[in-house]
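Survey of secondary and tertiary structure
The residues making up each chain are set out below.
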Amino acid sequence: MKLGEGVEAAIHCAATLASVDGNSTMPGAALAECFGLSPSYLLKHLNQLTAARIFESVPGPAGGYRLARAAEQITLLDIVLAIEGREPAFRCGEIRQRGPVKIDPSAYVKPCGINVAMLKAERAYRAALAEVKLSDIVAEYAAEGDPRSYAASCAFVERHQRPQKSASPKQI
């Protein structure tokens, strides 16, 4: 299965936002800079994450993005579905019923075995992603990541986060 590049960007941005203080936000341009992405490219994915209620967009000159709920309540599956959509990766077109080898439609009463196998794999893949919380990813990085990389990430967040006056939904 091939996921779009936006999934990687989305998970990294979510992990970064999990590290901001309290109800602070981070501008989309800073998130793009952090990962060497085009701001216009990343904005599409930030909008998808906001529409899925994974991120919250705070307007205004001191605005930006923050998690809409606690990192413990966000799974990798939530993020993947926000970016890739809810449709299965494999879509059976029933091509076995086309071409010169097709026969009477009554021969195709049973589901296509290929479709059954692919959907089974999809369910397993989604179940595995549903088990991994964003908070797990962040905690693992803090505990096992290279200390230099972790320190650089923390310093970037500290420089670019924007404190907010209103209560954050992830603290409620």
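So, a few notes on the structure that sits alongside this text. Only a predicted model underlies this, so the values are computations on that prediction, with no experimental measurement involved.

**A look at the nonpolar core**
Leu17, Met26, Leu49, Phe55, Leu67 and Ile79 are the most contacted members of the largest nonpolar core, which has 33 residues in total. Of all the elements in the fold, those that place two or more residues in this core are helix H1 (5–17), helix H2 (28–34), helix H3 (39–51), strand S2 (64–67), helix H4 (76–84) and helix H7 (147–160).

**So, the pattern of salt bridges**
Taken as a whole, this structure holds five salt bridges when the rule is applied. Note that Arg126 and Glu122 form a salt bridge whose closest N and O atoms lie 2.9 Å from each other. Of this pair, Arg126 and Glu122 both sit in helix H5 (residues 113–131), four residues apart, roughly one helical turn. The class for Glu122 is buried, based on a relative accessible area of 8%. Note that Arg148 is salt-bridged to Asp146, the shortest N-O span being 2.7 Å. On the basis of relative accessible area, Arg148 is assigned to the exposed category, the value being 66%.

**Considering the side chain of Asn115**
In this structure, Asn115 sits in helix H5. Its relative accessible area of 19% is what places Asn115 among the buried residues.

**Some words on the layout of surface pockets**
Its boundaries defined by the atoms lining it, the largest pocket holds a volume of some 310 Å³. Those elements giving two or more residues to the lining of the largest pocket turn out to be H1, helix H6 (134–144) and H7.

**Here we look at a negative patch on the surface**
A cluster of acidic side chains, namely Glu72, Asp136, Glu140 and Glu144, defines a negative patch on the protein surface. One can find Asp136 in helix H6.

**A short note on the packing of H1 against H4**
Axis separation between H1 and H4 bottoms out at 9 Å; the angle between their running directions is 135 degrees. Looking at the two axes, H1 sits oblique to H4. In terms of crossing hand, the pair formed by H1 and H4 is right-handed. Here Gly6, Val7, Ala10, Ile11 and Ala14 of H1 come into contact with H4, specifically with Leu76, Ile79, Val80, Ile83 and Glu84. Of the residues that constitute the contact of H1 with H4, the class distribution is eight nonpolar, one polar and one charged.

**Some words on the packing of H4 against H5**
In the contact formed by H4 and H5, the axes pass within 6 Å of each other and the chain directions differ by 120 degrees. Here H4 is positioned oblique relative to H5, judged by the angle of their axes. For the pair H4 and H5, the contacting residues are Leu76, Leu77, Val80 and Leu81 in the first and Tyr125, Arg126, Leu129 and Ala130 in the second. Split into classes, the residues belonging to the contact of H4 with H5 amount to seven nonpolar, no polar and one charged.

**Some points on the packing of aromatic side chains**
Aromatic rings in a pair are described by how distant their centres are and how their planes are angled relative to each other. Under the defined criterion, the tally for this structure stands at two aromatic pairs. Centre to centre, the rings of Phe55 and Tyr65 are 6.5 Å apart; their planes meet at 55 degrees, and the pair counts as tilted. Within this pair, whereas Phe55 is found in strand S1 (residues 55–58), its partner Tyr65 is found in strand S2, the two being separated by ten residues in sequence. A single burial state applies to Phe55 and to Tyr65, both of which are buried. For the pair Tyr141 and Tyr150, a centre-to-centre distance of 5.5 Å together with 70 degrees between the ring planes defines the contact as edge-to-face.

Rules used throughout
- Residues numbered from 1 in each chain as written.
- Predicted model: local features only at pLDDT ≥ 70, side-chain atom pairs only at ≥ 80, totals over all residues.
- Heavy atoms only, no water.
- Core = buried A, V, L, I, M, F, W, Y, C linked by side-chain atoms within 4.5 Å.
- Buried < 20%, exposed > 50% of the residue type's maximum accessible area, 1.4 Å probe, protein only.
- Helix = DSSP H or I, 4+ residues; strand = E, 2+ residues; numbered from the N terminus.
- Salt bridge = Lys/Arg side-chain N within 4 Å of Asp/Glu carboxyl O.
- 1 Å grid on protein atoms, 1.4 Å probe; cavity = no way out; pocket = protein on both sides within 12 Å on 5 of 7 lines; lining within 4 Å.
- Points joined across faces, edges and corners; volume = space filled by probe spheres on them.
- Patch = residues over 30% accessible without salt bridge, like charges linked within 9 Å, V, L, I, M, F, W, Y side chains within 5 Å.
- Areas by Shrake-Rupley, 256 points an atom, 1.4 Å probe, with all protein chains shown as cover.
- Lys, Arg positive; Asp, Glu negative; His and termini not counted.
- Charge placed at Lys NZ, Arg CZ, Asp CG, Glu CD.
- Axes fitted to C-alpha atoms, helices over the stretch in contact; angles between N-to-C directions.
- Parallel < 35°, antiparallel > 145°, perpendicular 65-115°, else oblique.
- Left-handed = near helix turned anticlockwise from the far one by under 90°.
- Contact = heavy atoms within 4.5 Å.
- Nonpolar A, V, L, I, M, F, W, Y, C, P; charged D, E, K, R; others polar.
- Phe/Tyr/Trp six-rings, centres within 6.5 Å; stacked < 30°, edge-to-face > 60°.

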